[in-house]
Each structure stands twice: as C-alpha cells, then as structure tokens.
Amino acid sequence: MSLTEFKNELDKSNADLWPPEVRELNSDRTRAFVLHYVAHRQGAAAARAAGMGTAETTAEGFAKIAYQQLCRKDVADAIAALARRQVGSPAAHVVTATR
C-alpha cells in the first residue's frame, strides 16, 4: 500500500473506533506505519508503505527506520493497543515483553 492509499484509508476510517494510543500519534505517516505493521508484521515494508525515507532509501535503510519507529514508546503502545483488538494476536504480548 502506498502513502496515498493509507491516507485514503485514514480518511475513510472512523477514527473514533481507534484506541486512544493510535489517535494520539503525531502524524499520518506514523499512523500508517502502525496500521501496516499490525496488519503485516513487517517493519521495513511498513516504513516504505507509510512513506518514510526517500526514493534513494535502501532496504537496510527502511529496516533502520522501522527499528527506530518500533523503539518509540508511543508507537509501541499504539501497536499493542491495536494488536489486543485482534483475537489471538501474539503481537501485544511481544511488544509488552520488549519494554
């Protein structure tokens, strides 16, 4: 998914249904990263899809960006909150365990 598709999804989505941790994120790109990461569990792909980096950013660069995002407390909290809503999702336990 491209950033444009994520922006359309963000516009279509009912933000009132998102957990407060997601609503409070500081940018659409960060929200897009979180949504893509929870859906696919691939950090570098989530960073690329969210429009982070530049046209010259390598796969290693996207992996570094994803690592930086995943180390942020607000991002980890948003991922855990969304993952808790998925029945049987192990992601909330993983994020909680890494803090």
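All of the points below concern the structure found in this document. Since we're looking at a predicted model, the values are computed, not measured.

1. Looking at the pattern of salt bridges
Enumeration according to the criterion identifies four salt bridges in this entry. Residue R72 pairs with D74 through a salt bridge whose shortest N-O separation is 2.6 Å. The exposure class of R72 is partly exposed, given its relative accessible area of 23%. A salt bridge links K73 to D77; the shortest N-O distance between them is 2.9 Å. Highlighted residues: K73 and D77, both in helix α6 (residues 73-84), separated by four residues, approximately one helical turn. Look at K73 and you get exposed, because its relative accessible area is 57%. For D77, a relative accessible area of 18% puts it in the buried group.

2. Looking at the packing of helix α3 (residues 28-40) against helix α5 (residues 59-70)
For the pair α3 and α5, the least separation of the axes is 12 Å and the interaxial angle reads 95 degrees. Here α3 is positioned roughly perpendicular relative to α5, judged by the angle of their axes. For the pair α3 and α5, contact is made by T30, F33 and Y37 and by A66, Q69 and L70, respectively. Its residues assigned to classes, the contact of α3 with α5 shows four nonpolar, two polar and no charged.

3. Brief notes about the packing of aromatic side chains
Evaluation of the coordinates by the stated rule reveals one aromatic pair. When the ring of F33 is compared with that of Y37, the centres are 6.1 Å apart and the planes differ by 15 degrees; the resulting orientation is stacked. Residue F33 and its partner Y37 are located together in helix α3, separated by four residues, close to a single helical turn. By relative accessible area, F33 is classed as buried at 0%. Residue Y37 is classed as buried on the basis of its relative accessible area, which comes to 18%.

4. Concerning the nonpolar core
Residues F33, V34, A47, M52, V75, I79 and L82 are the most contacted members of the largest nonpolar core, which totals 20 residues. Of all elements in the fold, only α3, α4 (43-49), α5 and α6 reach the threshold of two or more residues within this core.

Rules and cut-offs
Per chain, the residues get numbers from 1 upward, laid out in the order the sequence is written. In keeping with the model being predicted, local features are shown solely for residues with a pLDDT of at least 70 and side-chain atom pairs are shown and tallied solely at 80 or more, while totals for entire chains, interfaces and linings include all residues. Excluded from the side-chain calculations are hydrogens and water; all other atoms, namely the structure's heavy atoms, are used. We count a salt bridge whenever a side-chain nitrogen from Lys or Arg sits within 4 Å of a carboxyl oxygen from Asp or Glu. Burial status follows relative accessibility: with a 1.4 Å probe on protein chains alone, a residue under 20% of its type maximum counts as buried, one over 50% as exposed, and anything between as partly exposed. A run of H or I in DSSP counts as a helix once it spans at least four residues, and a run of E counts as a strand once it spans at least two, with each numbered from the N terminus. As a rule, the C-alpha atoms of each element are fitted with a line to give its axis, helices using only the stretch in contact, and angles between N-to-C directions run from 0 to 180 degrees. Every angle not falling under 35 degrees, over 145, or within 65 to 115 is termed oblique; those three ranges are roughly parallel, roughly antiparallel and roughly perpendicular. We call two residues in contact whenever any of their non-hydrogen atoms come within 4.5 Å of each other. Put simply, Ala, Val, Leu, Ile, Met, Phe, Trp, Tyr, Cys and Pro go in the nonpolar bin, Asp, Glu, Lys and Arg in the charged bin, and everything else, Gly too, in the polar bin. The rule is short: rings of Phe, Tyr and Trp, with Trp giving its six-membered ring, pair when the centres are within 6.5 Å, and they are stacked under 30 degrees, edge-to-face over 60, tilted in between. Among buried residues, those of type Ala, Val, Leu, Ile, Met, Phe, Trp, Tyr and Cys that are joined through side-chain atoms within 4.5 Å constitute a nonpolar core.

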